[in-house]
Amino acid sequence: MAKRIVNMLLPLCGIGMAVLVWWAASRLVSDLPSPFRTWEESKVYILEPLTYRGETDQGIVLLAYYSLLRVARGFLLGIAIATPIGFLLGVSPTLTRMFDPIMQVLRPISPLAWLPLGLVLFQKSEPAALFAIAVCSMWPTVINTMMGVRAIPQDYWNVAKVLRLSKFTTFTKIIVPATLPYMFTGYRLSLGIAWLVIVASEMLTGTPGVGGFLWQEYNSLVYAHILLAIITIGVVGFVLDRLMGVAESKLRTI
Amino acid sequence: MAYIEVRDLAKSFPAAKGTRHVLKGVSLDVEYGEFVSIVGAMGSGKSTLLSLIAGLTTADSGSVSVGGEPIRGVRRDAAFVFQNYSLLPWFTALENVRLAVEATFPEMTRDQQRRHATRALEQVGLGNAMDRRPKQLSGGMRQRVAIARAFATKPQVLFLDEPFGALDALTRETLQQELSRLCSEGDHPVTTVMITNSVEEAILLSDRIVPIIPGPPATLGTPIPVELSRPRSLAQLAHDEQATHVRAHIVSTLTASVRGRTLSSAGHATAPAASLVTPVEEIR
């Protein structure tokens, strides 16, 4: 019991210390708002999280909602492309050998590099953002799905062979369930990346959302709001990862 | 002409240094409805031989035919039981059996398929555990599911790959008896090829026993008929004169071949005189 209380208090101590460091830093750097000032200037966004005052001046939940909606669309697009590719690469060593070099080159490209290309291709900021999110976030799903298919034990392939299952049945009854846990690990990592990309793409395209808000407040010199946006981004990212973790454990098939 | 004819099979695998010749000059006849066991030590190429006969893998040379037709892939009327059960963990016992029934009898309605699978599980005494997943079943129950799955397809040919190897001694005997009953109970005789490392198990179940002479490359020894009346029990076999004779014959064939190998290739272990009831593994 006492141990549980300690375990609950320890993270609070950690947060307290981080705030203390922040406060100390704000004494040294004049432009950095202190924790107290940040709260004073940001509380209207937090205490009225759903208020709409103008396109770039909205409650923090509304801003996060726009970003999440964009992330959801980009992420779904990304995994819709990535999952079949992962399955194909998993079952075919030939395809893997063919496309592995391209994948390795495309994977480390930053979202900031994809976005201008998206703007050129689609002429509008919204599809360009989705394009950047999808292209950047698909790789963990591709790779994990591929690994999942390769990790299917020989036993299960034997079942397919011995029962003379059709290709389709083998896919739906054996390959997919056996790969599901790996796929979800991929989805979780992909969602994390999608959330990283959203901020960058909103900053560049100036669309409403947490990232757009951050950039606009920087331009209007309200530094406290930059900190508010940063904290929001972190908290939302953390919650997303936890939710995916829960989904992952619920879908454990093996 | 025998129902299953194996002629001069050879199989090798690529190894770190050159090729490893696993089997060579393997020939075997199995009559329709016969139960033949291939007995040998672990790593002697038994499993490879069974997958060749069953059409799971292809041989380098030689031929296998069943019912006069050369095999190409796994036959529709063949069923398998593997040592490690090979059940799909995301399906319940019933779903595992249904998958086999659906694949074998696509002409049945879904309801017929379900009833057929249910009956197969009831026959192995799992009527109450049908909705459990393999993880929630004991090893013996899992193997019962695998046996039910095999018999649910009404096979002509049954291939058993160390089917009771992973089970404790008591469970093993119950299941051996059950398998024996299922083999004789159906509406047609089932031709069975089993591989095992247990001489006792082979005597209990088989019409004929073929010792495998380890190589590499391994070959088959002379088949020994087991002409004991059925049903047999382990207790009865312990004292039966013919069983003792068969046992002694197989064990001496296997140990002789092990000794020969030890002398010729400076093997890992010298073979002490074997106790007659130990599995072959322990002889090495």
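In case you missed it, the structure is sitting above this.
Only a predicted model underlies this, so the values are computations on that prediction, with no experimental measurement involved.

Cut-off values and rules
- Residues numbered from 1 in each chain as written.
- Chains lettered and ligands numbered in written order.
- Predicted model: local features only at pLDDT ≥ 70, side-chain atom pairs only at ≥ 80, totals over all residues.
- Heavy atoms only, no water.
- Contact = heavy atoms within 4.5 Å.
- Salt bridge = Lys/Arg side-chain N within 4 Å of Asp/Glu carboxyl O.
- Polar contact = N/O pair within 3.5 Å; in protein donor to acceptor, adjacent residues only side chain to side chain.
- Helix = DSSP H or I, 4+ residues; strand = E, 2+ residues; numbered from the N terminus.
- Expected span 1.5 Å × (residues − 1).
- Buried < 20%, exposed > 50% of the residue type's maximum accessible area, 1.4 Å probe, protein only.
- Arc of directions from axis to C-beta.
- Pairing = 2+ DSSP bridges.
- Axes fitted to C-alpha atoms, helices over the stretch in contact; angles between N-to-C directions.
- Parallel < 35°, antiparallel > 145°, perpendicular 65-115°, else oblique.
- Left-handed = near helix turned anticlockwise from the far one by under 90°.
- Nonpolar A, V, L, I, M, F, W, Y, C, P; charged D, E, K, R; others polar.

Engineer: What's the story with the interface of chain A and chain B in this structure? I'm lost.
Structural biologist: Where interface size is quoted, it is often the accessible area lost as the parts come together. With 16 residues of chain A at the interface, the matching set in chain B holds 19 residues. Counting the contacts that link chain A with chain B gives one salt bridge. Lysine 173 of chain A is paired through a salt bridge with glutamate 102 of chain B; the nearest N and O atoms lie 3.8 Å apart. Scanning the region where chain A abuts chain B turns up four residue pairs in polar contact (both at pLDDT 80 or more).

Engineer: Any chance you could explain helix H5 (residues 111–122) of chain A here in plain terms?
Structural biologist: For an α-helix, 3.6 residues make a turn, and residues three or four places apart therefore share a direction. Residues and elements named next belong to chain A. In this model H5 runs 16 Å from its N-terminal to its C-terminal C-alpha over twelve residues, within 8% of the 16 Å that 1.5 Å per residue would give. If you check which residues of H5 are buried, you get Trp114, Leu115 and Gly118. The arc enclosing the buried residues of H5, seen along the axis, measures out at 110°, which places them on a common side. Packed against the buried residues of H5 are helix H4 (93–106), helix H6 (125–150) and helix H8 (167–205). At the exit of H5 stands glutamine 123, carrying a positive phi of roughly 70°.

Engineer: Is there a simple way to think about the sheet that holds strand S4 (residues 61–66) of chain B in this case?
Structural biologist: The strands that make up a sheet are held in pairs by hydrogen bonds between backbone atoms, and each pair lies either parallel or antiparallel. All names here are of chain B. Taken in spatial order, the four strands make up an open sheet running S2-S1-S4-S5, and their pairing is antiparallel. Every other strand in the sheet has two partners, leaving strand S2 (19–30) and strand S5 (69–70) as the edge strands with one partner each. Judged from the two bridges that link them, S4 and S5 form a sheet pairing that is antiparallel. Residue pairing across strands places serine 65 opposite proline 70, the latter belonging to S5. Docked against the sheet, helix H1 (residues 46–54) engages strand S1 (4–14), S2 and S4, running at close to 125° with respect to S1.

Engineer: Could you clarify how one ought to interpret the environment of methionine 146 of chain A in this entry?
Structural biologist: Residues and elements named next belong to chain A. Checked against the element boundaries, methionine 146 lands in helix H6. Accessibility expressed as a relative area gives 7% for methionine 146, which makes it buried. Counting along the chain gives 56 residues from methionine 146 to glycine 90, while the straight-line C-alpha distance between them is 4.1 Å. Excluding residues within four positions of it along the chain, methionine 146 makes contact with Gly86, Leu89, Gly90 and Thr96.

Engineer: Where do I start with the pattern of salt bridges in this structure?
Structural biologist: Residues and elements named next belong to chain B. Under the definition given, this model contains 16 salt bridges over all chains. Arginine 144 is the partner of glutamate 178 in a salt bridge, and the nearest nitrogen-oxygen pair spans 2.6 Å. With glutamate 178 in helix H5 (residues 169–185) and arginine 144 in helix H4 (residues 139–152), this pair connects stretches of sequence that are 34 residues apart. Summarising the burial analysis for this pair, glutamate 178 and arginine 144 share the class buried. The closest approach of N and O atoms between glutamate 200 and arginine 247, which form a salt bridge, is 2.4 Å. Taken together, the residues span a long stretch of sequence, with glutamate 200 in helix H6 (residues 199–205) and arginine 247 in helix H8 (residues 241–265) at a distance of 47 residues. The same class applies to glutamate 200 as to arginine 247, namely buried.

Engineer: How should helix H9 (residues 210–219) of chain A be read in this particular structure?
Structural biologist: Residues and elements named next belong to chain A. Those residues of H9 not exposed but buried are Val210, Gly211, Gly212, Phe213, Leu214 and Glu217. Those residues of H9 hidden inside the fold are in contact with helix H2 (35–47), helix H3 (60–91), H8 and helix H10 (223–250). Count one or two residues on from H9 and you reach leucine 221, which has phi positive near 60°.

Engineer: Any chance you could explain the pairing of S2 of chain B here in plain terms?
Structural biologist: Regular strands show a simple pattern: their side chains alternate between the two faces of the sheet. Residue and element names in this part refer to chain B. Pairing analysis gives eight bridges linking S1 to S2, with the strands arranged antiparallel. When the bridges of S2 are listed, glutamate 5 appears paired with aspartate 29. From the end of S1 to the start of S2, which pair antiparallel, there are four residues, and glycine 18 there has a positive phi angle of about 70°.

Engineer: I'm lost on the packing of helix H2 (residues 93–104) of chain B against helix H3 (residues 110–123) of chain B in this one. Help?
Structural biologist: The geometry of a pair of packed helices is captured by two quantities: the angle between their axes and the separation between those axes. Residue and element names in this part refer to chain B. Contact pair H2 / H3: the axes reach a minimum separation of 9 Å and the direction vectors enclose 120°. Taken together, the axis directions place H2 and H3 in an arrangement best described as oblique. As for the relative orientation of H2 and H3, their crossing is right-handed in sense. Facing Ala93, Leu94, Val97, Arg98, Val101 and Glu102 of H2, the residues of H3 in contact are Arg110, Gln113, Arg114, His116, Ala117, Thr118, Ala120 and Leu121. Taken together, the residues that form the contact of H2 with H3 break down as seven nonpolar, three polar and four charged.

Engineer: It is not clear to me how unusual backbone geometry should be interpreted in this structure. Could you clarify?
Structural biologist: It is generally the case that most residues other than glycine have a negative phi and that most peptide bonds are trans. Residues and elements named next belong to chain A. Phi is positive for glutamine 123, close to 70°, though the residue is something other than glycine. Within the fold, glutamine 123 resides in the loop between H5 and H6. For arginine 164, which is not a glycine, the phi torsion comes out positive at approximately 50°. Within the element layout of this structure, arginine 164 appears in the loop between helix H7 (154–162) and H8.

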